[in-house]
Amino acid sequence: MGRLNLSSEVAEKVSWYCALFLALMLVLSCCEYMESDLPTAGMNQTREMNDKPCDEIYVVREGETLNTISEKCGDPYIVEENPHIHDPDDVFPGLVIKITPFKNR
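All figures in this text were calculated on a predicted structure; none of them were measured in a lab.

Caption draft 1: Representation of the environment of K72 within the structure. As for its position among the elements, K72 is in helix α3 (residues 66-73). Looking at K72, the relative accessible area reads 43%, which means it is partly exposed. The sequence separation of K72 and P101 amounts to 29 residues, and the corresponding C-alpha distance is 9.6 Å. Excluding anything up to four places from it in sequence, K72 contacts C54, Y58, R61 and E64. A distance of 3.2 Å separates a polar atom in the side chain of K72 from a polar atom in the side chain of Y58.

Analysis parameters
- Residues numbered from 1 in each chain as written.
- Predicted model: local features only at pLDDT ≥ 70, side-chain atom pairs only at ≥ 80, totals over all residues.
- Heavy atoms only, no water.
- Helix = DSSP H or I, 4+ residues; strand = E, 2+ residues; numbered from the N terminus.
- Buried < 20%, exposed > 50% of the residue type's maximum accessible area, 1.4 Å probe, protein only.
- Contact = heavy atoms within 4.5 Å.
- Polar contact = N/O pair within 3.5 Å; in protein donor to acceptor, adjacent residues only side chain to side chain.

Below, the structure is given as structure tokens:
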């Protein structure tokens, strides 16, 4: 009978330690932060994206016009390089266009 009592005490202690360990892990995972969560990291990332030249193949996003893309990518001849664009005012999200930045000409 003494052995059964000792086993249940050990099992109870082990389960308390496991519960304590799980609670500690939960608290630590909630307190963890990533570098992208910091306010300055997002600003640096946005700045890097603005400094980065556009890729040669560009997919139009919502709210963009050929004029804004031209200014952003430095390509004033988007319409001439993309014969599939018949109407410069008919640009829609998902349209794929070729970009050649003016600096590379």
